[in-house]
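Take a look at the letters that make up each chain.
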Amino acid sequence: MSWKLFWLLVEAARLTILLSVISVSIGFLLSSLVCAAVMSTHRSARIAGKLFVSFFRGTPLLVQLLLIYYLLPQIGLNVPSEVAAIVGMSLCTAAYQAEILRGGFSSVPRGLIEAANMCGFSKFAIFRRIRLPIAVQLTIPALISEAIMMLKSSSLVSVVGVVELSRMAQDLAASTYRPLELFAAAGLIYLIINLVVAGFGLQLEKRMQWGRT
Amino acid sequence: MSAKPAIKVEKLVKRFGKTTVLEGIDLAVERGQVTCLIGPSGSGKSTLLRCIALLEEANEGFIEINGEPLGFASGPNGERVRLPSSETQKVRAHIGMVFQQFNLWPHMTALGNVTEALVTVRRMLRKDAEQRAMTQLSNVGLSDRAGHYPSELSGGQQQRVAIARALALDPDIMLFDEPTSSLDPELTGEVLAVMRDLAESGMTMLVVTHEIGFAASVGSKIVFLDQGKLIVEGKPEEVFGKPRHERIDQFLDTYLDRGAATLL
């Protein structure tokens, strides 16, 4: 396989990374809202949060992407397919991350919240300063796994016409008749990216040890 | 105002499901005094303290802090009227609390733990807050541990940071919920020493404790609870001295093995 083909794959991998990083980040911000809704004392917020999670966990990402791709123009939003892809991926990962966070939040020791209560913290301050950082620390390994899952699932966005790594490999395989080499190369690139993500996760875990070594 | 007790508890009843944990407690804690709540496990002493901190909501009765109603006020016909939470927060700001499990925030250093509420709640500048926090830490003998995380501190050090954290907010009443129960004897000593200093400085303290020696020597008043009822209250020499209440006799017997009774 020529270097030229390989560089085309690397170029496409940049889009894969970009899509994944943006979606996982937006998904994280969104997930804390969804998680707050699911754990809310307001019944309507709880129901809305649970519906969101059920839908985006209960239907395939492939179907979600196609739905969003065809739905957005219907409501007057003509966006590039990359944006539709990011919307779909963000919503989907938000549902999963929200469930991961919920597990983390319920593991935050009650006494830490009582101490904050006694110091006069508002509910929001307790969330932001105490519950969120501790829940994130408890859930880093699961969140990193989710990020890796999303990176791999990003191959699905080819159905809405985004030419990312998998789709590029497919196109090149079709035109060069060398599928084995191209898919092996694509697989290798995914593996390398994910090793970096996993390494970053380990670093993050170490940094959030807070004195425990 | 000055005639009002720091804490006044009136006919307080607390139930957990069908179990009645507090059966109509009346209690007054005078300003500047150290009141020690003692009694066997399950007597309701921690629950009483947690009700006064409003970490638990009592089912009946009233609590006043410095003469102001906490959580519920008495209506015209003696019924309980829930107060708005803003008012409750204002009254609660007079109270500092120290827990059995320390409850330091693990993601903040000792200094961070003491500074946090000053910045987040009191809106102080971080620089000023840290200065105040350092003073508090040095008062409990821990200025050299300011940069350490809770996981890097001994239990006794953690509890002293927790005391500094509560004191930094300048409360007029300090509640202690079995502050030394999860510490070994050596570490217990260093925490009790800090509490002794605090008592001498004139802080109003309500202490749930199993340290009978501390209660006898530092307490201005001893309150003995058993099965949700206040059995005896009085000065240490009245409560512990002979002749004493039969139930206290039994209770103290359990301490004989540990040699604590010799302190009395």
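Reading the values: rules and limits
- Residues numbered from 1 in each chain as written.
- Chains lettered and ligands numbered in written order.
- Predicted model: local features only at pLDDT ≥ 70, side-chain atom pairs only at ≥ 80, totals over all residues.
- Heavy atoms only, no water.
- Helix = DSSP H or I, 4+ residues; strand = E, 2+ residues; numbered from the N terminus.
- Rg over C-alpha atoms; globule rule 2.2 N^0.38 Å.
- Buried < 20%, exposed > 50% of the residue type's maximum accessible area, 1.4 Å probe, protein only.
- Contact = heavy atoms within 4.5 Å.
- Areas by Shrake-Rupley, 256 points an atom, 1.4 Å probe, with all protein chains shown as cover.
- Lys, Arg positive; Asp, Glu negative; His and termini not counted.
- Charge placed at Lys NZ, Arg CZ, Asp CG, Glu CD.
- Axes fitted to C-alpha atoms, helices over the stretch in contact; angles between N-to-C directions.
- Parallel < 35°, antiparallel > 145°, perpendicular 65-115°, else oblique.
- Left-handed = near helix turned anticlockwise from the far one by under 90°.
- Nonpolar A, V, L, I, M, F, W, Y, C, P; charged D, E, K, R; others polar.
- Salt bridge = Lys/Arg side-chain N within 4 Å of Asp/Glu carboxyl O.
- Polar contact = N/O pair within 3.5 Å; in protein donor to acceptor, adjacent residues only side chain to side chain.
- Buried area = accessible area lost by both parts, 1.4 Å probe.

Peer 1: Quick rundown of the overall build of chain B? Include the residues and the values.
Peer 2: Of the regular secondary structure elements, chain B holds 9 helices and 12 strands. Since a compact globule built from 264 residues should have a radius of gyration of about 18 Å, the 19 Å found for chain B is in line with a globular shape. Dimensions of chain B, computed from C-alpha atoms along their principal axes, come out at roughly 55 × 50 × 35 Å. Per-residue burial over chain B gives 53% buried out of 264 residues. For chain B, restricting intrachain contacts to residue pairs at least 6 apart in sequence, the fraction spanning at least 24 positions comes to 64%. As displayed, chain B offers around 11,700 Å² of accessible surface, 48% of which is attributable to carbon and sulfur atoms. Averaging the positions of the 29 positive and the 34 negative side-chain charges in chain B gives two centres separated by 4 Å.

Peer 1: Tell me about the packing of helix H1 (residues 3-38) of chain A against helix H2 (residues 43-58) of chain A, residues and numbers included.
Peer 2: Helix packing geometry: the angle between the two helix axes and the distance between the axes. Residue and element names in this part refer to chain A. Close contact between H1 and H2 brings their axes to 7 Å; oriented N to C, the two are set at 130°. Of the possible angle classes, the one that applies to H1 and H2 is oblique. The interaxial crossing formed by H1 with H2 has left-handed handedness. For the pair H1 and H2, the contacting residues are Val34, Ala37 and Val38 in the first and Ala45, Arg46, Gly49, Lys50, Phe52 and Val53 in the second. Partitioning the contact of H1 with H2 into residue classes produces 6 nonpolar, 1 polar and 2 charged.

Peer 1: Describe in detail the side chain of B:Lys14, supporting the description with residues and values.
Peer 2: All names here are of chain B. The topology assignment puts lysine 14 in strand E1 (residues 7-16). Glutamate 56 provides the closest opposite charge to the buried, salt-bridge-free lysine 14, at an N-O distance of 4.2 Å. For lysine 14, the side chain forms a polar contact with the main-chain oxygen of glutamate 57, separated by 2.8 Å. The contacts of lysine 14, once residues within four sequence positions are left out, are Thr19, Thr20, Val21, Leu22, Thr47, Cys51, Glu56, Glu57, Ala58 and Asn59.

Peer 1: Tell me about the interface of chain A and chain B, and name the residues and values.
Peer 2: Across the boundary between the two partners, chain A contributes 19 residues, which contact 24 residues of chain B. Of the roughly 1,900 Å² buried between chain A and chain B on both sides combined, carbon and sulfur atoms contribute 66%. In terms of surface lost to chain B, no three residues of chain A exceed A:Met118, A:Cys119 and A:Trp210, which account for 36% of the buried area on that side. Put simply, chain A and chain B have 2 salt bridges between them. For A:Glu114, the salt bridge goes to B:Arg50, with nearest N and O atoms at 2.6 Å. For the interface between chain A and chain B, the tally reads 6 residue pairs in polar contact (both at pLDDT 80 or more). For the side of chain A that touches chain B, the secondary-structure elements that each account for two or more residues are helix H5 (110-118) and helix H6 (123-153) of chain A. Per-element accounting of the side of chain A that touches chain B gives the leading share, 8 residues, to H5(A). When its residues are assigned to classes, the side of chain A that touches chain B shows 11 nonpolar, 4 polar and 4 charged.

Peer 1: Pulling in residues and values, what's your account of the packing of H1(A) against helix H4 (residues 81-106) of chain A?
Peer 2: Residues and elements named next belong to chain A. Axis separation between H1 and H4 bottoms out at 6 Å; the angle between their running directions is 45°. On the basis of their axis angle, the class for H1 and H4 is oblique. Handedness of the H1/H4 crossing: right-handed. Taken together, the residues of the contact of H1 with H4 break down into 16 nonpolar, 8 polar and 2 charged.

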